[in-house]
Amino acid sequence: GLCQQASFVISAAKVDQCPPDEGLEIAFAGRSNAGKSSAMNTLTHANLARTSKTPGRTQLLNFFRLDDQRRLVDLPGYGFAKVPIPLKQHWQRHLEAYLGSRESLAGVFLMMDVRHPLTDFDRMMLDWAQASEMPLHILLTKADKLAFGAAKNALLKVQRELHQQWGDTASVQLFSAPKRQGIEEAQAVMATWLGL
Ligand code: GDP
């Protein structure tokens, strides 16, 4: 299946340390604790993102090879309260440099806790995606934490606001790692973006 051969490639502390800007890649973004690592692992049937949490690697861009021409990129989690401000600024600088310059970037997956969607940073990402005409797909994670009806309502509410504020910049779906909900829908988006 998709991404089964995913393996760790390289940690880049700076944009000039990224692997060659060729082929296609999908970047994964989200507020810390939104469920980004769990989503990446679930979608790739691997344990990719644990690597990104190894101390010393958390401030970096982490690239995972799918095949010679395709990669996933774990972007640093944002909004982690305990991180000192200079480190936050470091992250933001490199995140912006990466997002603004990466030719092979085919789209961005943005993880949001279904109970706390559309934070200020999420809105910044959406503004940036719209301005740069970058496809963005949102996973409303931890859908299992809400009853079925409440999760569905949260999805409809986010869909409505997305459409009003950002037109067709972004798509959105429910996702649960432990319940394995939304995997096929998310993998279909990945496959399209990666030309599979
Ligand atoms: P990250 O910081 O965005 O990479 O978030 P993690 O993937 O490490 O998840 C943060 C916490 O939320 C962990 O305790 C996970 O077990 C939990 N979590 C992640 N995804 C889900 C989910 O879909 N459902 C539930 N119930 N918990 C989740």
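Calculation rules
Residues numbered from 1 in each chain as written. Predicted model: local features only at pLDDT ≥ 70, side-chain atom pairs only at ≥ 80, totals over all residues. UniProt positions renumbered as here; feature names shortened; annotations may be inferred. Helix = DSSP H or I, 4+ residues; strand = E, 2+ residues; numbered from the N terminus. Buried ≥ 20, exposed ≤ 12 C-beta atoms within 10 Å, placed from the backbone. Contact = placed C-beta atoms within 7 Å. Right-handed = clockwise from strand over helix to strand, strands pointing away. Pairing = 2+ DSSP bridges. Near = placed C-beta within 6 Å. Core = buried A, V, L, I, M, F, W, Y, C linked by C-beta atoms within 7 Å. Expected span 1.5 Å × (residues − 1). Arc of directions from axis to C-beta.

- Going by an unreviewed UniProt entry, the protein carries the name Probable GTP-binding protein EngB and comes from Stutzerimonas tarimensis.
- According to the UniProt record, the Cofactor (unreviewed entry) comment for the protein is "Mg(2+)".
- Quoted verbatim from the Sequence similarities (unreviewed entry) heading of the UniProt record, the comment on the protein is "Belongs to the TRAFAC class TrmE-Era-EngA-EngB-Septin-like GTPase superfamily. EngB GTPase family."

1. Observations concerning the overall build of the protein
Then, number 1: Along its length, the protein carries five helices and seven strands.
Then, number 2: Traced from its N-terminal end to its C-terminal end, the protein shows the element sequence β-β-α-β-β-α-β-α-β-α-β-α.
Then, number 3: Split into buried and exposed, the 196 residues of the protein put 37% on the buried side.
Then, number 4: Once local pairs closer than 6 in sequence are excluded, the contacts in the protein between residues at least 24 apart make up 75%.

2. What to know about the pairing of strand β6 (residues 136-141)
Then, number 1: In terms of burial, β6 is largely enclosed, as six of its six residues are buried.
Then, number 2: Neither face of β6 is exposed, since Leu136, Ile138 and Leu140 on one face and His137, Leu139 and Thr141 on the opposite face are all buried.
Then, number 3: In the classification by handedness, the crossover that spans strand β5 (residues 105-113), the intervening helix α3 (residues 120-132) and the parallel β6 is right-handed.
Then, number 4: Both β6 and strand β7 (residues 170-174) contribute to a ladder of five bridges, which runs parallel. In the strand pairing of β7, leucine 139 is matched with glutamine 173.
Then, number 5: Traced from β6 through helix α4 (residues 148-166) to β7, the parallel crossover comes out right-handed.

3. Things to note about the site of the ligand
Then, number 1: Around the ligand lies a shell of 17 residues, among which Gly35, Lys36, Ser37, Ser38 and Ala177 are the nearest.
Then, number 2: Looking at the shell around the ligand element by element, the count peaks at three residues for helix α1 (residues 36-44).

4. Some thoughts on the nonpolar core
Then, number 1: Core analysis: the biggest nonpolar cluster contains 42 residues, and Ala27, Phe28, Leu110, Met111, Leu136, Ile138 and Leu140 have the highest contact counts within it.
Then, number 2: If one sorts the elements of this core by residue count, β5 sits on top with seven residues.

5. Regarding the pairing of strand β2 (residues 24-30)
Then, number 1: With six of seven residues buried, β2 lies mostly within the body of the structure.
Then, number 2: As paired strands, β2 and strand β4 (residues 70-74) are joined by five bridges and run parallel to one another. The residue bridging isoleucine 26 from the neighbouring strand is leucine 72, located in β4.

6. Quick notes on α4
Then, number 1: Its 19 residues place the ends of α4 26 Å apart at the C-alpha level, agreeing with the 27 Å of an ideal helix rising 1.5 Å per residue.
Then, number 2: Ala151, Ala154, Val158 and Leu162 are the residues of α4 that are buried. Buried residues of α4, seen end-on, are gathered within an arc of 70° and therefore sit on one face of the element. Of the residues in α4, the exposed ones pointing more than 90 degrees away from the buried face are Gly149, Asn153, Leu156, Lys157, Arg160 and Gln164.
Then, number 3: Where α4 is buried, its residues contact β6 and β7.

7. Examining the environment of glutamine 165
Then, number 1: Its place among the elements puts glutamine 165 in helix α4.
Then, number 2: Residue classification places glutamine 165 among the partly exposed positions, given that 14 C-beta atoms sit within 10 Å.
Then, number 3: Distance in space between the C-alpha atoms of glutamine 165 and aspartate 127 is 9.1 Å, their sequence separation being 38 residues.

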